[in-house]
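Below are the chains, spelled out letter by letter.
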Amino acid sequence: MLAAELRLHDVRVLVLEKETEPPSFVRIVGLHSRSLELMAMRGLLERIREHGRQRPAGGFFAAIPAPAPPGLDSAYAYLLGIPQPVIVRLLEDHAVALGAQVRHGCAVAGLAQDSDGVTVELADGERLRSRYLVGCDGGRSTVRKLLGVGFPGEPSRVETLMGEMEVGVPPEEIAAAVTAVRETEHRFWLRPFGAGVYSVVVPAAGVGERGKPPTLEDFRRQLRAIAGTDFGVHSPRWLSRFGDATRLAERYRVGRVLLAGDAAHIHPPIGGQGLNLGVQDAVNLGWKLAAQVRGWAPGTLLDTYQAERQPVAADVLDNTRAQMELLSPEPGPQAVRRLLTELMDFDEVNRHLTEKVTATGVRYDIGEGPDLLGRRLRDIEVKQGHLYGLLHRGRGLLLDRTERLTVGGWSDRVDYLGDPTAALDVPCVLLRPDGHVAWIGDDQQDLDDHLSRWFGRPS
Ligand SMILES: Cc1cc2nc3c(=O)[nH]c(=O)nc-3n(C[C@H](O)[C@H](O)[C@H](O)COP(=O)(O)OP(=O)(O)OC[C@H]3O[C@@H](n4cnc5c(N)ncnc54)[C@H](O)[C@@H]3O)c2cc1C
């Protein structure tokens, strides 16, 4: 996603991926509203939707079965389930189509930076030189370790087994057992996955060795311990385990090297937020890093990446910590869960938690002003169609209901739309390339100040 964002601004990009093949396990990830909005903003949503399955929004927080609250503020108020290797391939195709280069089988092993750029050493000894480097290399990020950036937080305390396998008992028997067990154990399911295969999730006996996959016998033992039967599971397609380690990088930037995605933050998968968070990091960072490379970035623009995104990640870490507590079968957490289930009947509570998990409630702290300032603008209808259709090129956009203002010397970075729509209840809005509101007002001088703040000097 980041490679594609950079290509929108004609920055030369090389992606280094250590693996030659996609992973053998096919985890279905959920794309939430904000990520769907970002896909729509870049003209990708139709393509992605073809490969996914839509599910109604709601029931995201700790899997408490509450329907979505009424009037969610998004044109994309649903969840799209999509296999992770498919979304990775679609994003890679998108980046390559825009001109990014991708090299598979290249592991970053060393780096050194100076005042002009970064030298990267690959595992085979090859050296590459670039002006910037972004470590999007996952929770065990080599780049983060090479930078010496701390990754404080909590280690895994609870692990869960997850895999796909065949079963030896009829579907009705499975459904009845699953319903009974899930009364108290929420980290448990057996779901049909097509062609006689079931997706199986069950708590692990303890915290396993890092990187060591579980065996089928581990699944059998845990199924017996928790459900009283192993359902005759056999013929696994893949088996994995995941934990609830929760950590946040101390810094997102050291000089010319930055971190994004799981390299910057890890947390349990409850609520399905990790990949979404990484995609949103990428869209926040892409235009800022491009501006830096192209030479028009105002002095502190690149640092706003950490200032804006680290608090968002900290909030996700906290909400997953809270959700994990609510999954505990202990009587105390179960009582809190029952109470929260009651509170979910209040639309405001439900909406607050739904906006948290879907990231539509994110508001960057970019100064005093109306509530919309710093938030993303939903995909409103404009006279040319949909707003997001005007953001495909990753440029800024001025929506001007007064038709008196101009983007003047910034017109090579910022588009202009006069008399956009009656749906906008403020005179003018300046949108950043990531769709967040950077300014609201009706005064040209004030607008020019804000154009300078976000888009540098006029050309
Ligand atoms: C069970 C489970 C369910 C989940 N469900 C969801 C969900 O529904 N929704 C959601 O949003 N998230 C979900 N997640 C989280 C999501 O999978 C991760 O947050 C996401 O994969 C992070 O993406 P990333 O690109 O930052 O890191 P990764 O996916 O880890 O990718 C890092 C890449 O870097 C490569 N790499 C590593 N080291 C090097 C190196 N030295 N040199 C070159 N390349 C390197 C790796 O090979 C890998 O391809 C789930 C996670 C789990 C475990």
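Q: Give a detailed account of the sheet that holds strand β16 (residues 253–254), specifying residues and quantitative values.
A: Strand order across the open sheet formed by three strands is β9-β17-β16, with mixed pairing between neighbours. Strands with a single pairing partner mark the edges of an open sheet, and in this sheet they are β9 (133–135) and β16. Relative to strand β17 (residues 257–259), β9 runs parallel, the two sharing three bridges. Residue pairing in the sheet places G135 in a bridge with L259 of β17.

Q: Run through the site of the ligand, naming residues and quoting values.
A: Around the ligand sit 25 residues in total, of which E17, G30, Q84, L275 and N276 are the nearest. Here R27 contributes a side-chain N or O atom positioned 3.0 Å from an oxygen atom of the ligand. The backbone of G272 places a nitrogen or oxygen atom 3.1 Å from a nitrogen atom of the ligand. Alone, the ligand offers 1000 Å² of accessible surface; in the complex the protein occludes 77% of this. Sorting elements by how many residues they give to the shell around the ligand places helix α8 (residues 274–294) first, with three residues. Per-class residue counts for the shell around the ligand are 10 nonpolar, nine polar and six charged.

Q: Describe the nonpolar core, listing the residues and the values that go with them.
A: Burial of nonpolar side chains together is a common tendency in soluble globular proteins. By size, the foremost hydrophobic cluster in this structure holds 101 residues, and its most contacted members are I48, L377, L387, L430, L431 and F455. In terms of residue count, the dominant contributor to this core is α8 (nine residues). In this view, L387 contacts L377, R378, D379, I380, V382, L397, L399 and L431; residues no more than four positions away in its chain are not counted. With 20 residues, the next largest nonpolar core counts L161, V169, V181 and L223 among its residues.

Q: How would you sum up the packing of helix α9 (residues 303–327) against helix α10 (residues 331–343)? Please name residues and give values.
A: The interhelical angle for the contact between α9 and α10, taken along N-to-C directions, is 110°, at an axis separation of 7 Å. If you check the angle between α9 and α10, you find them roughly perpendicular. Of α10, the residues touching α9 (which contributes E325, L326 and L327) are P333, Q334, V336, R337 and L340. Counted by class, the contact of α9 with α10 contains five nonpolar, one polar and two charged residues.

Q: Give a detailed account of the environment of V233, specifying residues and quantitative values.
A: Among the structural elements, V233 can be located in the loop between α7 (216–227) and β14 (234–242). For the pair formed by V233 and L216, sequence separation is 17 residues and the distance between their alpha carbons is 8.1 Å. Apart from residues no more than four positions distant in its own chain, V233 is found in contact with M165, E166, V167, L216, R220 and L223.

Q: Any chance you could break down the pattern of salt bridges for me, citing the residues and the numbers?
A: Tallied over the entire structure, the rule returns 32 salt bridges. Of the charged contacts in the structure, one is a salt bridge between D10 and R7, with a shortest N-O distance of 3.5 Å. Here D10 falls in the partly exposed class, since its relative accessible area comes to 49%. For R7, a relative accessible area of 17% translates into the label buried. Between R376 and E37 there is a salt bridge, with its nearest N and O atoms 2.7 Å apart. Taken together, the residues span a long stretch of sequence, with R376 in the loop between α11 (347–358) and β19 (381–382) and E37 in helix α2 (residues 33–41) at a distance of 339 residues. Accessibility expressed as a relative area gives 4% for R376, which makes it buried. The class of E37 is buried, set by a relative accessible area of 0%.

Q: Quick rundown of the sheet that holds strand β7 (residues 118–122)? Include the residues and the values.
A: The strand order across the open sheet built from three strands is β6-β7-β8, with neighbouring strands paired in antiparallel fashion. Each edge of the open sheet carries a strand with a single partner, namely β6 (108–113) and β8 (127–130). When strand polarity is set aside, the average angle formed by the axes of neighbouring strands in this sheet is 25°. Bridge analysis of β6 against β7 gives five bridges, and the strand direction is antiparallel.

Q: Kindly report on the packing of aromatic side chains, identifying the contributing residues and their values.
A: With the rule as written, the count across this model stands at five aromatic pairs. Through a chain of ring-to-ring contacts, the aromatic side chains of W287, W296, W454 and F455 assemble into a single cluster. Sitting over the ring of W189, R191 keeps its end group 3.9 Å from the ring centre. In this arrangement the basic side chain of R432 is found over the ring face of W454, its NZ or CZ atom lying 4.8 Å from the centre.

Q: Could you give an account of the environment of W238, naming the residues involved and the relevant values?
A: Within the element layout of this structure, W238 appears in strand β14. Not counting residues up to four positions away in its chain, the partners in contact with W238 are S24, F25, V26, M162, G163 and E164.

Q: Before we move on, could you go through the pairing of strand β12 (residues 189–192) and cite the residues and values that matter?
A: Here β12 pairs with strand β13 (residues 197–203) via four bridges, running antiparallel. Across the sheet, W189 pairs through a bridge with V201, a residue of β13.

Q: Tell me about the state of the cysteines, residues and numbers included.
A: Applying the stated criterion to the full structure yields zero disulfides. Not part of a disulfide, C136 finds its nearest cysteine sulfur in C106, a span of 15 Å.

Q: Provide a residue-level description of α2, including the pertinent values.
A: Every α-helix carries 3.6 residues per turn, so stepping three or four residues along brings you back to the same face. Counting buried residues along α2, nine of its nine residues qualify, which places the element largely inside the surrounding structure. Restricting attention to buried positions, one finds in α2 the residues S33, R34, S35, L36, E37, L38, M39, A40 and M41. In this fold, the buried residues of α2 make contact with β2 (28–31), α3 (45–49), β4 (78–83), α4 (84–97), α8 and α11. The positive-phi residue at the C-terminal boundary of α2 is G43, with phi of around 75°.

Q: I'd like to hear about the layout of surface pockets, residue by residue, with values.
A: The computed volume of the second largest pocket comes to approximately 500 Å³. Forming the boundary of the second largest pocket are 29 residues, of which E308, V312, V362, R363 and Y364 lie nearest the centre. Elements supplying a minimum of two residues to the lining of the second largest pocket: α8, α9, α11 and α12 (444–455). Each residue belonging to the lining of the second largest pocket can be placed in one class, and the counts come to 13 nonpolar, nine polar and seven charged.

The rules behind each value
- Once a new chain begins, its residue numbering starts again from 1 and follows that chain's sequence as written.
- Where totals are concerned, whole chains, interfaces and linings use all residues; where local detail is concerned, this predicted model gives features only for residues with pLDDT of at least 70, and gives and counts side-chain atom pairs only at 80 or more.
- Just so you know, side-chain values use all the structure's heavy atoms and leave hydrogens and water out.
- In short, DSSP must find at least two bridges between two strands for them to pair.
- Strands here mean DSSP runs of E at least two residues long; helices mean DSSP runs of H or I at least four residues long; both are numbered from the N terminus.
- Any residue with a non-hydrogen atom lying within 4 Å of a molecule or strand is treated as near it.
- For the purposes of these results, a polar contact is taken to be a pair of N or O atoms within 3.5 Å, where, inside protein, one atom must be able to donate a hydrogen and its partner to accept one; residues adjacent in sequence count only when each atom of the pair is a side-chain atom.
- The Shrake-Rupley method, run with a 1.4 Å probe, gives the accessible areas here. Residue values count only the displayed protein chains as cover.
- Only Asp, Glu, Lys and Arg are considered charged in this grouping, and only Ala, Val, Leu, Ile, Met, Phe, Trp, Tyr, Cys and Pro are considered nonpolar; every other residue, Gly among them, is considered polar.
- Put simply, buried Ala, Val, Leu, Ile, Met, Phe, Trp, Tyr and Cys residues joined by side-chain atoms within 4.5 Å make one nonpolar core.
- For every residue, the accessible area (1.4 Å probe, protein chains only) is compared with the maximum for its type, and the residue is labelled buried under 20%, exposed over 50%, or partly exposed between those bounds.
- Two residues form a contact once any of their heavy atoms are found within 4.5 Å.
- Orientation is described by lines fitted to C-alpha atoms, with helices fitted over the stretch in contact, and by angles between N-to-C directions that extend from 0 to 180 degrees.
- Oblique is the label for any angle not under 35 degrees, not over 145, and not in the 65 to 115 range, which are roughly parallel, roughly antiparallel and roughly perpendicular in turn.
- For this analysis, a salt bridge means a side-chain nitrogen from Lys or Arg found within 4 Å of a carboxyl oxygen belonging to Asp or Glu.
- For this analysis, a ring pair means two rings from Phe, Tyr or Trp (six-membered ring only for Trp) whose centres lie within 6.5 Å, classed as stacked if their planes differ by under 30 degrees, edge-to-face if by over 60, and tilted for the remaining angles.
- For a Lys NZ or an Arg CZ to count as sitting over a ring, it must be within 6 Å of the ring centre and within 35 degrees of the ring normal.
- Any two cysteine sulfur atoms within 2.5 Å of one another count as a disulfide.
- Of the two site types, the cavity is a set of points on a 1 Å grid over the protein atoms alone where a 1.4 Å probe fits but cannot get out, and the pocket is an open set with protein on both sides within 12 Å along at least five of seven lines, each lined by residues with an atom within 4 Å of a point.
- Grid points are joined across faces, edges and corners, and a volume is the space filled by probe spheres set on the points.

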